[in-house]
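# Structure assessment
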Amino acid sequence: MDYMKEFKAIAEKFALEGEIKDIAPYGEGHINLTLLVTTDKKRYIMQKMNPNVFPDAEGLMNNICGVTKHLQARGVETLVVVPTADGEPYLRGEVGYRVYDFIENTITYQKVTDKEVFKNSGAAFGEFQNYLAEFDASTLVEVIKRFHDTPNRFENFKAALEADAFGRAKECKSEIDFVLSHAHTYGTVMAGLADGTIPLRVTHNDTKLNNILMDAETGKARAVIDLDTIMPGSMLFDFGDSIRFGASTAAEDEQDLSKVHFDIELFRAYAEGYCGAVKNSITAREAELLPYGSYLMTIECGMRFLTDYLSGDTYFATKYAGHNLVRARTQIKLAGEMEASFDKMGEIIKEILA
Ligand code: ADP
Ligand code: GN1
Ligand code: MG
């Protein structure tokens, strides 16, 4: 695709500094189309927002403007929304577009290469949780309903399996069996939120390592990004999703499953960073459930990838046929290994919070 030809007229509708020199696809996000826009003065990120995933673009951008203002007022580096030439926060239309300043001198990792960097990301997501605790939840639109309602995700999975619209169920029998046989394990966080034994907080909900920008020189976190899914939720979602993605010896879409393992030392590193930041607010029940939350976010993501595979790959962006199945397999393998490591993980959390 000629991205300049396709998107220059859209980029020109924003209040950019300088003359547009280049537009190219950027990053590894699964949801929005992310473009790097380079002018002779600056670089920007422009995103075509995914209308299927986020039908309420107005509410979404309200959330993001509210949260970024809240963070800026506290001196925290965050996404800077670049308005349109008309002073609007995004370009409205059948499909919405938005622009952010490109945050320079940072790295996004698709896999952990340095334990210290992962620990730093844990500290930053923990601090981010602390800042969100001061945010007024009543101003937030719930952009995706039941986002981490795992039992509901399981119902959707079963419906996709029942329909088997593309005849793919026969290719993933063992994965399907794993998800079905673990049905009794999916309800703990939703039940705890419902009966009040787990506090409802404002959470990020998509805390994988490529949703945080790390300083290229110091390895410390610069900014938490991808603020689309900030909604009421559980701390266990944020901790768990980071472990799901980062405490693995391989990438989320590694095809050679023999390379994919849950790495308990990476779990320890992240937990040290995260728990260090939230030690004054985490409850005993949340602390107890951090290992389970890691498992839950991993199997939930596995079943979401598998659901999308069975349904013809309409939700997550894919690069090749079978990409979602490859992703589902890594998540299911990791979930199984985490399940076998609950005791060890629990000891580590106890040591850290002692
Ligand atoms: P998606 O919702 O599709 O995951 P993201 O908002 O996470 O989209 O953006 C995708 C990728 O683009 C990120 O993982 C990151 O590498 C890069 N990115 C996004 N925003 C910025 C920014 N403001 N500065 C630098 N890089 C960014
Ligand atoms: C998506 O948007 P992105 O790529 O950061 C997804 C997450 C999944 C993740 C799996 C809005 O995250 O929930 O955990 O892919 N985001 C949405 O990599 O569904
Ligand atoms: Mg992202």
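Everything discussed here concerns the structure shown above.
Rules used throughout
Residues numbered from 1 in each chain as written. Chains lettered and ligands numbered in written order. Predicted model: local features only at pLDDT ≥ 70, side-chain atom pairs only at ≥ 80, totals over all residues. Heavy atoms only, no water. Helix = DSSP H or I, 4+ residues; strand = E, 2+ residues; numbered from the N terminus. Rg over C-alpha atoms; globule rule 2.2 N^0.38 Å. Buried < 20%, exposed > 50% of the residue type's maximum accessible area, 1.4 Å probe, protein only. Contact = heavy atoms within 4.5 Å. Pairing = 2+ DSSP bridges. Core = buried A, V, L, I, M, F, W, Y, C linked by side-chain atoms within 4.5 Å. Near = heavy atom within 4 Å. Polar contact = N/O pair within 3.5 Å; in protein donor to acceptor, adjacent residues only side chain to side chain. Nonpolar A, V, L, I, M, F, W, Y, C, P; charged D, E, K, R; others polar. Donors = N, O, S within 2.8 Å, 3.2 Å for Na, K, Ca; no water. Phe/Tyr/Trp six-rings, centres within 6.5 Å; stacked < 30°, edge-to-face > 60°. Axes fitted to C-alpha atoms, helices over the stretch in contact; angles between N-to-C directions.

Attention shifts here to the overall build of the protein chain. From N to C terminus, the protein chain includes 11 helices and 10 strands. Relative to the 2.2 N^0.38 estimate, which gives 20 Å for 354 residues, the radius of gyration of the protein chain is 20 Å and therefore close to what a compact globule would have. Taking the principal axes of the C-alpha coordinates as reference, the protein chain spans close to 55 × 50 × 40 Å. A buried classification covers 52% of the 354 residues belonging to the protein chain. A separation of at least 24 residues holds for 73% of the contacts in the protein chain among residues at least 6 apart in sequence.

Direction of pairing for strand 2 (residues 33-39) relative to strand 3 (residues 43-48): antiparallel, over a ladder of 6 bridges. Bridge pairing in strand 3 links Thr 34 to Gln 47. Turn length for the strand 2-strand 3 hairpin, with the two strands adjacent in sequence and antiparallel, is 3 residues.

On to the nonpolar core. Judged by nonpolar contacts, the single largest core of 96 residues is most densely connected at Val 179, Phe 239, Phe 262, Ile 299 and Leu 306. For this core, the leading source of residues is helix 9 (residues 284-310), giving 14 residues. Non-local contacts of Leu 306, meaning those with residues more than four positions away in its chain, are made with Phe 157, Cys 172, Glu 175, Ile 176, Val 179, Leu 325, Ala 328 and Ile 332. Counting 15 residues, the second-largest nonpolar core is a separate cluster that includes Ala 11, Val 37, Met 46 and Val 99.

Here the focus is the environment of Phe 157. By the element assignment, Phe 157 lies in helix 4 (residues 150-163). The sequence separation of Phe 157 and Phe 305 amounts to 148 residues, and the corresponding C-alpha distance is 9.5 Å.

Close contacts around ligand 2 come from 18 residues, with His 30, Lys 208, Glu 252, Arg 304 and Tyr 315 the closest. In the model, an oxygen atom of ligand 2 is placed 2.6 Å from a nitrogen or oxygen of the Glu 252 side chain. Between an oxygen atom of ligand 2 and a side-chain N or O atom of Tyr 315, the distance comes to 2.5 Å. Those elements giving two or more residues to the shell around ligand 2 turn out to be helix 7 (235-246) and helix 9. Per element, the largest residue contribution to the shell around ligand 2 is 3 residues, and it comes from helix 9. Of the residues in the shell around ligand 2, the class split is 7 nonpolar, 4 polar and 7 charged.

Next up on the list: the site of ligand 1. The full set close to ligand 1 counts 20 residues, and Asn 32, Gln 47, Thr 108, Asn 210 and Asp 226 are the nearest of them. Those elements that place two or more of their residues in the shell around ligand 1 are strand 3 and strand 5 (97-101). A class-by-class count of the residues in the shell around ligand 1 yields 9 nonpolar, 8 polar and 3 charged.

Now for the coordination of the magnesium ion (ligand 3). For the magnesium ion (ligand 3), the protein coordination sphere consists of Asn 211 (OD1) and Asp 226 (OD), at 2.2 Å. Placement of the pair is Asn 211 in the loop between strand 7 (201-203) and strand 8 (212-215) and Asp 226 in the loop between strand 9 (221-224) and strand 10 (231-233), with a sequence separation of 15 residues. A relative accessible area of 24% means that Asp 226 is categorised as partly exposed.

Our focus in this paragraph is the packing of aromatic side chains. Throughout the structure, instances matching the rule amount to 15 aromatic pairs. Considering the side-chain rings of Phe 262 and Phe 267, the 6.1 Å spacing of their centres and the 70° angle between planes classify their relative orientation as edge-to-face. Here Phe 262 and Phe 267 have matching classes, each one buried. For the pair Tyr 315 and Phe 316, a centre-to-centre distance of 4.8 Å together with 70° between the ring planes defines the contact as edge-to-face. Residue Tyr 315 is classed as partly exposed on the basis of its relative accessible area of 25%. On the basis of relative accessible area, Phe 316 is assigned to the buried category, the value being 8%.

Turning our attention to the sheet that holds strand 1 (residues 20-25). Within a sheet, each strand pairs with its neighbour through backbone hydrogen bonds, oriented either parallel or antiparallel. One open sheet accounts for 5 strands, arranged 1-2-3-5-4; its pairing is antiparallel. Each of the sheet's edge strands pairs with one partner strand only, and the pair in question is strand 1 and strand 4 (81-82). Both strand 1 and strand 2 contribute to a ladder of 5 bridges, which runs antiparallel. Bridging across to strand 2, Asp 22 finds its partner in Thr 38. Against the sheet, helix 1 (residues 3-11) touches strand 1, strand 2, strand 3 and strand 5, its axis set at about 115° to strand 1. Contacts between helix 2 (residues 57-73) and the sheet are confined to strand 4 and strand 5, with strand 5 contributing the most and set at about 15° to the helix.

This part takes up the sheet that holds strand 9. Pairing is antiparallel across the open sheet formed by 3 strands, whose spatial order is 6-8-9. Because the sheet does not close on itself, it has two edges, and the strands there are strand 6 (106-107) and strand 9. The pairing of strand 6 with strand 8 spans 2 bridges and is classified as antiparallel. Its bridge partner being in strand 8, Ile 107 is matched across the sheet by Met 214. Strand contacts of helix 3 (residues 115-133): strand 8 and strand 9, with the helix running at about 125° to strand 8, the strand carrying the most contacts.

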